[in-house]
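Coordinates in review
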Amino acid sequence: MIRVTTYHSVKREIFINAKPEKVWKALTSGEERNKWETKSCKIELKVGGKFSADYGWGVAHSATIVEIVENKRLIMEDENNGRTIWTVTPQNNGSLVTLEFNGLWTGDLGMMEMENSSFGQYQFMRNMKSVIENNEDIRHLFWNSWIGMQHKTIEREGFKAREIVKIVPNTPADEVLRIGDLITSVNDQTVTTYDDLERVITEMPPQQEIKLVIKRDDKIKDVYLVTVPYGSTKSPTPSK
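The following paragraphs examine the structure supplied in this document. (Residues numbered from 1 in each chain as written. Predicted model: local features only at pLDDT ≥ 70, side-chain atom pairs only at ≥ 80, totals over all residues. Heavy atoms only, no water.)

1. Examining the layout of surface pockets
Using the following cut-off: The definitions used throughout rest on a 1 Å grid laid over the protein atoms alone, on which a cavity is an enclosed set of points accommodating a 1.4 Å probe that cannot get out and a pocket is an open set flanked by protein within 12 Å on both sides along at least five of seven lines; lining residues are those having an atom within 4 Å of a point. Grid points are joined across faces, edges and corners, and a volume is the space filled by probe spheres set on the points. In DSSP terms, a helix is any run of H or I states spanning at least four residues, a strand is any run of E spanning at least two, and both are numbered starting from the N terminus. Residue type decides the class: Asp, Glu, Lys and Arg count as charged, Ala, Val, Leu, Ile, Met, Phe, Trp, Tyr, Cys and Pro as nonpolar, and the leftover types, Gly among them, as polar.
Quantified by volume, the largest pocket comes out at close to 1300 Å³. Along its surface, the largest pocket is lined by 48 residues, and Val59, Glu113, Asn116, Ser117 and Gln121 are the ones closest to its centre. Of all the elements, helix 3 (residues 107-134) adds the most residues to the lining of the largest pocket, at nine residues. Here the lining of the largest pocket is composed, by residue class, of 23 nonpolar, 17 polar and eight charged.

2. Overview of the packing of aromatic side chains
Here is the rule we go by: Two rings belonging to Phe, Tyr or Trp (six-membered ring only in the last case) form a pair when the distance between their centres is within 6.5 Å. Interplanar angles under 30 degrees mark stacking, angles over 60 mark edge-to-face geometry, and anything in between is tilted. Relative accessibility under 20% of the residue-type maximum defines a buried residue, over 50% an exposed one, and the middle range a partly exposed one, all with a 1.4 Å probe and only protein chains included.
All chains considered together, the criterion is met by eight aromatic pairs. With a centroid separation of 6.2 Å and 85° between ring planes, the pair formed by Trp36 and Trp86 is classed as edge-to-face. Taken together, the residues span a long stretch of sequence, with Trp36 in helix 2 (residues 30-36) and Trp86 in strand 6 (residues 83-91) at a distance of 50 residues. With respect to class, Trp36 is no different from Trp86; both count as buried. On the basis of an interplanar angle of 40° and a centroid distance of 5.5 Å, the ring pair of Trp146 and Tyr230 is categorised as tilted. Here Trp146 is found in strand 8 (residues 145-146), whereas its partner Tyr230 is found in the segment after strand 15 (228-229), with 84 residues between them in sequence. Feature note: the residues Tyr55, Phe119, Phe124, Phe142, Trp143 and Tyr194 constitute an aromatic cluster, connected by ring pairs.

3. Focus: the pairing of strand 2 (residues 40-43)
Stated formally: In this analysis, strands are considered paired if DSSP registers two or more bridges between them.
Going residue by residue along strand 2, you find Cys41 and Ile43 tucked away on one face and Ser40 and Lys42 left uncovered on the opposite face. One ladder, built from four bridges, connects strand 2 with strand 3 (residues 50-56); its direction is antiparallel. In the sheet register, Lys42 faces strand 3, and the bridge partner there is Ser52. With antiparallel pairing between neighbouring strands as the criterion, strand 2 and strand 3 make up a hairpin whose turn holds six residues, including Gly48 at a positive phi of roughly 95°.

4. A closer look at the pattern of salt bridges
The line we're drawing: One speaks of a salt bridge when a side-chain nitrogen belonging to Lys or Arg is within 4 Å of a carboxyl oxygen belonging to Asp or Glu.
Here the structure, examined in full by the defined rule, presents 15 salt bridges. Residues Glu37 and Arg33 are paired through a salt bridge, measuring 2.7 Å at the closest nitrogen-oxygen approach. Assessed through its relative accessible area of 2%, Glu37 is described here as buried. On the basis of relative accessibility, which here comes to 2%, the residue Arg33 falls in the buried class. Across the pair Arg216 and Asp181 runs a salt bridge, and its minimum N-O distance is 2.8 Å. Of this pair, Arg216 sits in strand 13 (residues 209-216) while Asp181 sits in the loop between strand 10 (159-167) and strand 11 (182-186); the two residues are 35 residues apart in sequence, bridging distant segments of the chain.

5. A short note on the environment of Asn17
To be explicit about the condition: It only takes one pair of heavy atoms within 4.5 Å for two residues to be counted as in contact.
Among the secondary structure elements, Asn17 is positioned in the loop between strand 1 (8-16) and helix 1 (20-28). Asn17 gets classed as exposed once you look at its relative accessible area, which sits at 52%. The sequence separation of Asn17 and Asn93 amounts to 76 residues, and the corresponding C-alpha distance is 7.2 Å. For Asn17, the residues in contact, after removing those within four places along its chain, are Asn93, Gly94 and Glu133.

6. Examining the nonpolar core
Our working rule: In plain words, nonpolar cores are sets of buried Ala, Val, Leu, Ile, Met, Phe, Trp, Tyr and Cys residues tied together by side-chain atoms within 4.5 Å.
Within the largest apolar cluster, 36 residues are counted, with the highest numbers of intra-cluster contacts made by Ile16, Val23, Trp36, Trp86, Val97 and Met128. When residues in this core are grouped by element, the largest group, eight residues, is from helix 3. Contacts of Trp86, omitting those with residues within four sequence positions, involve Leu27, Arg33, Trp36, Lys72, Arg73, Leu74, Met76, Val97, Thr98, Leu99, Met125 and Met128. Ile167, Leu177, Leu197 and Ile210 belong to the second largest nonpolar core, which has 18 residues in total.

As structure tokens, this is what we get:
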């Protein structure tokens, strides 16, 4: 049996009202990256140099720098041959910052992990923009709450929603939601992308009641849950 290995690629971009030189410094200085992305970062800025980052929450990453074009492009490669490519392009007296990365994601959980990585990286890009433009670190707004479920994009014949692929025990989602449920809205806001749903839930304070509209067994159903601190497994009882 031949096993086919497929790399999936993710691309995100954001405009920052700053010259490429300033953005480049934010990307290539460990001290500067700590202001918008990491808790601890070390960068040996040369081809063959090492990059190591601690993001908190038990998440760390290391890679080797394989290409540098000053003020324009930084490429790093990890031990699994996954590449992270940062590109800075002058645009409208500012900079268009593009991030591309790839990985070996397969199956429902793999696709969820890919979308989760894309969302997380873009949150940090939003913070980089805020720090560079306004000198304001907004990480305290991110990842405040959750309900304890993981999801991925599903699209069938023009119908697009969030499909639940994993539920964490002893969380608000446990015994209320089911794997395979399709979420179409949160608090009457339509959610079709990973970012749509995560931004609504994770950026609200804990102990907030939320309304999900789900599709289960071809029937539409309203579900009420209460958020808990991100990563927590305690489940409050909803008022409805």
